[in-house]
Each structure stands twice: as structure tokens, then as C-alpha cells.
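# Architecture and fold: a report
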Amino acid sequence: MSSSPGDNIMGDKMNILEEAIYRRAAYNSRRHFLKKCTSGLGALALGSMLGCSKGLFSTPEAGSNAAKFIPGLPHFAPKAKSVIFMHMAGGPSHLELFDYKPELQRLDGKDTPQSLLEGKNFAFIKGTPKLLGPRSRFLQAGNSGTFVSDYLPRFAEVIDEVTLLKAMHTDEFNHAPAQLLMQTGSSRLGKPSLGSWTVYGLGSENENLPGFIVLTSGGGSISAGKSAWGSGFLPTVYQGVQCRSKGEPVLFLSNPDKIDNHLRKRSIDIINEINQQEYENIGDPEILSRIAQYELAFKMQATVPDVMDIGDEPDYIREMYGAVPGEASFANNCLLARRLVEKGVRFIQLYDNRWDTHGVGEGNGVGEGMRRSCEAIDKPMTALIRDLKQRGLLDETLVVWGGEFGRTPMMEARTGEGFNGRDHHLEAFTMWMAGAGVKRGLSYGETDEIGYYGVKDRVHVHDLHATILHQLGFDHEKLTYEFQGRPFRLTDVHGKVVHDILS
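Residues numbered from 1 in each chain as written. Predicted model: local features only at pLDDT ≥ 70, side-chain atom pairs only at ≥ 80, totals over all residues. Heavy atoms only, no water.

Counting its secondary structure elements, the protein chain contains 14 helices and 17 strands. Evaluated residue by residue, the protein chain yields a buried proportion of 55% over its 503 residues. Excluding contacts between residues fewer than 6 apart, the proportion of contacts in the protein chain whose partners are at least 24 apart in sequence is 78%. By element, 49% of the accessible surface of the protein chain is carried by carbon and sulfur atoms, the whole surface being about 20800 Å². (Helix = DSSP H or I, 4+ residues; strand = E, 2+ residues; numbered from the N terminus. Buried < 20%, exposed > 50% of the residue type's maximum accessible area, 1.4 Å probe, protein only. Contact = heavy atoms within 4.5 Å. Areas by Shrake-Rupley, 256 points an atom, 1.4 Å probe, with all protein chains shown as cover.)

Set out below in C-alpha cells:
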């Protein structure tokens, strides 16, 4: 399991002095062991191969081996300086939000044709389910005349700022693998997340804040866990750092009792001095990651409480988002995302965990339950678009919204009760993008008359990733990292940039 400054490095706050003493003793013992052990030679060779003698994160010399592994600069001029990715964990129903299907309404309550069921994988559907018409109403909005659900009345007001991707599709129909695929390009554990690739390629604009920050809302943990923002085989310095909008922004960030800043800095300096000596002896680049994380964690003590305090925002801005200081909410997280963009944070990931609408109980379906979920996001995500635009930041900030998959046009009815739920669906769902060179007021892609299959301009998860990297200035086929003898990339051997949605 990967670590983050918030999870582990500062997690031993009661023992930082003991750690300094311990690591000095461990170093003195290990140094003599490694000098006699051939296993140290492999690490030395790796360090040499990576060109790390001057530090993993220093700029490699042109033509050096290190230059093959550390891209340093974008491949071409980027449109986006930052990304805000709002992941609605659970899979929001496209059929209640953006994909208007009057024919599905007409077929409400009819048996699903067997042709739509045979050979398909569903998480819970058994037998022959009934088709389920949309529970929401749709209205045309904006100059584009785009159909938007009455669940999202405020968002309808900014629909001309976004591009809808209405024929998204994925390979996975269960939450954890589908979330991993959406965030790491692979349904299996161990691959770097999109945010990690971004920071690996572009670095951070603010040396006092992580380049990749994660905020969660909606309760509980997402199915994929922290691996969704892990760095995989990339150095751990590139992983996402989870912050909180309620309570201490990063757990264990503040000084322990009876430890002032001077003493803490001295302790970290000693630990890093030992780590540096270890690195010079062993050459393991992960040691440099640890040094960088210690240094960053100390700097974060001064900067994080300030940037995470939305109490200094004007009342009208907090009202615009529906944000309330001290609460753990999607509204607070949207406001924080804007503040983090202003501070130069490269990738901000918002997870909202309330979108798994199976209809297994009252309030869990795509009717009133989903309407209430939409009330929690409608105002803040609309405010985020408007606020970024009024500050001149939308042109350089790529905003992405969506879940890991969509929902079936048929009712799940797992419990036999009529709570109007839908099962997971991988064949079609809707996402939207805005800002940073993405066309405004566009609907791209189409599904069939009941929203089951994408029938025009389908976009796979790998295509989405290729497009996001493109806006950040990367050729997704060239942003690679050598691991276990082969170059890896976010899109593996897939993906194509969706140029039709770019201005």
C-alpha cells in the first residue's frame, strides 16, 4: 500500500524524535551490512540507470539515461495548467441526468427484450427485468438547446460552458475495478493514477503544496480505496495527498505536544541527512521520495491550514457554492478546489460517494434518492464553473465530471420492491468536460433510443485519458515510465485523443 505525507510520514508524530534516533542507529547498522551484501549492487545499478546521482527530481542532462525516464516538460504547449476531476463514485444514471430518452419512457414497465440480456454481464439483474422510464423530467437549456434533467436546475444555467460526452463506455461493471480503470487506466491494482501521471510529467507549481490533492465527500470510502489516487510504480512522491474539509486538513500535520517548529525541523533534518547518506550508499530513488515527502510535509504545516480555511472567503462566495466552514461536504470541496487551483496545485481530485442507485431501499433509487444526491452537487459544481470563469481560470483549468460507469435502462428490482433502481452498466454513460480548450455547448456522441448502447462517436476511458493528457501538453503515447523492463503509459496500448471536442 502506498503512503502519503498525510497517511504515514506525519502519522508517527508522537515519535519523530525517536524516529530520528532510530534511523541513525538503523543506518549505521545497515550501512555495514549493505557494503558486504551483493543485493546492494542491484540498487546501485538502478540508481545509475536512472541517472539519480544528482537527485531523482533534478532536471536530467540531455541525452542521459535519466532523460528517458523523466519527461520534465510537456511535449507541446498545454491548454490546461490544472485539472479538477469530480468523480461521482457509484455511477450516476445518465438516463436521469443528461441522456433524454422519450422512447424509454414509452416502454416503461415492459419486459426487457432478451436480445438485450443474452450474453451480458450484470452485477445484480436476474431473469427478465422491466424497462424503467426516466424518473426525472428533461428541459432544453442554454443557447445550445441541450436537454438537461430537472434534477440539475442550476447546472442547466451553465450548460453552454461544457461538452457532454454521451457515449462513454468502459470494460468493467463492478465498482472497484471500474473506478481503478477510470483513474489509473487499468482495472488491476498497482498502476499510477491519472493525477500521479500528471504531476510526474509536469511537476508542481507550488513547492509548499502537493501537486496532487484528493478531497472526498458523501460518506464512507470509495470501492477502489486509496489505490485510486496511488502512484503505482511511479515514485511515491507523485501520489495524491488526501485532505479534509472538516477538522485538521491533513491528519497529524500539526506539531505533537511539546514539539515546536524548530525542534521538529531539526528532527526532520536529521532524518533526511541519514536518508541522504542511505541514498548515496544504495542509490534507491524511493529514498529520495521519502526525503522529498518529509520536506514537503514540513512546508505543508504552514501552507495547508491557510489554503484549506474557507472562512476567509467572502460571504457571497460561500453562498454561491453553498459552502459552510467546518463541514465535510461536496460544496466545501468544490470551493477548496478553486482555491487549490489558484495556489498552483496541478491535479485536484474530488470523490463524491453517493451514486450507487440500485433501489434496494427507500431513497436508494433513481427517483427521490437520486434527486436528493443531485441537490448536494448541483449548486457547488455550477458555482465552480462560474467562479473559475469570473476569475479567468476556466481557460487554463480542465474540469471533468462523471462516474465509473452508467446505469441500465431496466429496473434492477433485487429486493422485489419498487424502489426504481438501476443496475451497473458499462455500455453507455455520460461525462462532461469544461474549460482549457474544450468546446462549449457541445453534445458529443449518441446512444440508442433507450440509452443502452453508444451508436455514434463512442469514447472509451482510454480515449478520455488520452484527451486529458493532450490538454496538459502530453502525447499520451510518449508519456512513459520504465518499469520491470518495459515502458508503461497511462493508456497502455490504447486510446486516441478526441479532437472533435477540442477548440
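All right, on to the environment of G445 then. The topology assignment puts G445 in the loop between β12 (442-444) and β13 (446-447). With twelve residues separating them in the primary sequence, G445 and D457 have C-alpha atoms 4.4 Å apart.

Each aromatic ring pair is characterised by the separation of its centres together with the angle its planes make. Tallied over the entire structure, the rule returns 17 aromatic pairs. Note on Y452 and Y453: the rings are 4.7 Å apart at their centroids and 70° apart in plane angle, and the pair reads as edge-to-face. Across from the ring centre of F488, 3.8 Å away, lies the NZ or CZ of R486, which sits over that ring. (Phe/Tyr/Trp six-rings, centres within 6.5 Å; stacked < 30°, edge-to-face > 60°. Lys NZ or Arg CZ within 6 Å of the ring centre and 35° of its normal.)

Turning our eyes to something else, we now look at the pattern of salt bridges. Across all of its chains, the model carries 28 salt bridges by this definition. One salt bridge in this structure joins E157 and R386, with 2.8 Å as the shortest N-O distance. Residue E157 is found in the loop between β3 (146-149) and β4 (162-169), and its partner R386 is found in helix α13 (residues 368-390); the two are separated by 229 residues along the sequence. E157 sits in the exposed class, given a relative accessible area of 52%. Note on R386: relative accessible area 36%, which makes it partly exposed. A salt bridge links R339 to E313; its shortest N-O distance comes to 2.7 Å. One end of the pair, R339, is in helix α12 (residues 330-342); the other, E313, is in the loop between α10 (285-307) and α11 (315-321), and 26 residues separate them in sequence. Here R339 and E313 have matching classes, each one buried. Three or more residues joined by partner-sharing salt bridges are found here, namely D312, E313, R338, R339, E342, D387 and R391. (Salt bridge = Lys/Arg side-chain N within 4 Å of Asp/Glu carboxyl O.)

The next subject is helix α14 (residues 461-471). Buried residues dominate α14, accounting for ten of its eleven residues. Buried residues of α14: V461, H462, D463, L464, H465, A466, T467, I468, L469 and Q471, and no others. Just downstream of α14, G473 is the residue with a positive phi angle, here 95°.

A few words now on unusual backbone geometry. Of note in the backbone geometry, N420 takes a positive phi value of approximately 55° without being a glycine. By secondary structure assignment, the location of N420 is in the loop between β9 (406-411) and β10 (422-425). Look at D457: it is not a glycine, yet its phi comes out positive at around 50°. Of note, D457 is situated in the loop between β14 (454-456) and β15 (459-460). The class for D457 is partly exposed, based on a relative accessible area of 32%.

Bridge count between strand β16 (residues 480-483) and strand β17 (residues 486-489): four bridges; the pairing is antiparallel. What sits directly across from T480, in β17, is R489. The antiparallel hairpin formed by β16 and β17 contains two residues in its connecting segment, where Q484 sits at a positive phi of about 50°. (Pairing = 2+ DSSP bridges.)

Attention now goes to the nonpolar core. Of all hydrophobic cores here, the largest spans 58 residues; its most connected members are M86, F98, L152, F155, M381, W401 and W432. Of all the elements, α13 adds the most residues to this core, at eight residues. Excluding anything up to four places from it in sequence, F155 contacts F98, V162, D378, M381, T382 and W432. Counting residues in each nonpolar core, the second largest holds 49 residues, with F85, A436, A466 and I468 among its members. (Core = buried A, V, L, I, M, F, W, Y, C linked by side-chain atoms within 4.5 Å.)

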